[in-house]
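# A look at the structure
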Amino acid sequence: MTQYLGFDTSNYRTSLAYLDTCSGEHLITGELLPVALGEKGLRQSDALFAHTKALPVLSRRQFDTLGTREYRAVGVSSRPRSLPDSYMPCFLAGMSAAHVLGDAAGLPVHEFSHQQGHLASAAFGAKRLDLLHSPFLAWHLSGGTTELLLVEPDEHEIIRETLIGGTTDISAGQLIDRTGVMLGLGFPSGPELEKLADQSTLTKGFAVKVSDRRFSLSGVENQVKSRIEAGEIPADIARYAILTVLRAVLKATQQGLEMYPGLPVLCAGGVMSNRLIQQEMHRTFRACFAPAQYASDNALGVAILAAIREEGFEWTDRLF
């Protein structure tokens, strides 16, 4: 059997995935959690409740599409990061569903971190699963995370991430989402803010200080508020926020490569779906990206990691 399922219940998206390692066929079924207009996020109790409501609806849609199949194992996101104290209640919804299914069908259930899933999904989407065989640098830029990672193969975890840089306060996704909400956009704001920024010809954001691959973005949020209060054009404000994130990421990446010269760079997380950030990261560092459906929160990554744990890396070499 070469077919796997994945579950991921992150802070803002419920997601199920299917993967066939023989054909490469895969399916992601997911939806964003509801956030009221003007709100900047969800409390964990509300997120857990929303996942609990969404899972039966999405699973029915997923299995209606797939029909009856035999599966080898299930992968699930059990925590945000691969650290002993890493925990968020929202992941309990996916874990419960995965373990009930696994117990009922007699399938092994493999737990991974949400971050590991992001990296595996991005590598799959970029057609670079070969990256998982050896060390590389990776950015995880999402609504709650802005981390520069050294990623290395690990016998048990498949991949092991070591934090080497990133933000010291709010994440890039928080800056972008908060900027969008202040401009009257929906939440999450990434795609809408990018469209608005495309109407601007602004060429520079704020030059954030980057030291030892780390930087702060909280002051930029205050600058955005000041620009809005001063009546600056919304498109310019949107582009200002995105360019500021880009400048910080470029500087931190350069410092990361000075520390680990020659390593490839993989970009994961919903913020890395931004076209401007992608273009500059690829031009400057030949960084690898995945299409948006593989960059944002999804369960495909943990299904991929479950397959690697069951079958080894051999099947990954057949796909691309």
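Relevant structure appears above.
Residues numbered from 1 in each chain as written. Predicted model: local features only at pLDDT ≥ 70, side-chain atom pairs only at ≥ 80, totals over all residues. Heavy atoms only, no water.

### What to know about the pattern of salt bridges
Side chains that carry opposite charge are capable of pairing whenever their charged atoms lie near each other. The full count for this structure, using the stated rule, is 14 salt bridges. The salt bridge partner of Asp46 is Arg43, with a shortest N-O separation of 3.2 Å. A salt bridge links Asp130 to Arg128; the shortest N-O distance between them is 2.9 Å. Relative accessible area serves as the criterion here: at 37%, Asp130 is assigned to the partly exposed category. Each member of the salt-bridge network shares a partner with another, and the members are Glu152, Asp154 and Arg160. (Salt bridge = Lys/Arg side-chain N within 4 Å of Asp/Glu carboxyl O. Buried < 20%, exposed > 50% of the residue type's maximum accessible area, 1.4 Å probe, protein only.)

### Considerations on the nonpolar core
Counting 43 residues, the largest nonpolar core has Trp139 and Met281 as its most contacted members. Of all the secondary structure elements, the ones that give two or more residues to this core are β6 (136-141), β7 (146-154), α4 (172-182), α5 (190-197), α6 (218-229), α7 (234-259), β10 (265-268) and α8 (275-285). Per element, the largest residue contribution to this core is 13 residues, and it comes from α7. With sequence-adjacent residues up to four places away left out, Met281 is seen in contact with Trp139, Val249, Leu250, Thr253, Val265, Cys267, Arg286, Ala287 and Phe289. Counting residues in hydrophobic clusters, the runner-up holds 35 residues, among them Ala122, Ala126, Phe136 and Val302. (Core = buried A, V, L, I, M, F, W, Y, C linked by side-chain atoms within 4.5 Å. Helix = DSSP H or I, 4+ residues; strand = E, 2+ residues; numbered from the N terminus. Contact = heavy atoms within 4.5 Å.)

### Describing the sheet that holds β6
One open sheet holds the 5 strands; their spatial order is β9-β8-β7-β6-β10, and the pairing between them is mixed. Lying at the two open borders of the sheet, with one neighbouring strand each, are β9 (214-215) and β10. Summarising the sheet, β6 and β7 pair through 6 bridges and their orientation is antiparallel. Within β7, the residue paired with Leu137 across the bridge is Leu150. Contacts between helix α3 (residues 114-125) and the sheet are confined to β6, β7, β8 (158-167) and β10, with β10 contributing the most and set at about 115 degrees to the helix. (Pairing = 2+ DSSP bridges. Axes fitted to C-alpha atoms, helices over the stretch in contact; angles between N-to-C directions.)

### Digging into the environment of Leu196
Note on placement: Leu196 falls in helix α5. We classify Leu196 as buried; its relative accessible area is 17%. On a C-alpha basis, the gap between Leu196 and Leu246 in space is 16 Å, while along the polypeptide they are 50 residues apart. Leave out the neighbours within four places in its chain, and Leu196 touches Leu183, Leu185, Pro234, Ala235 and Ala238.

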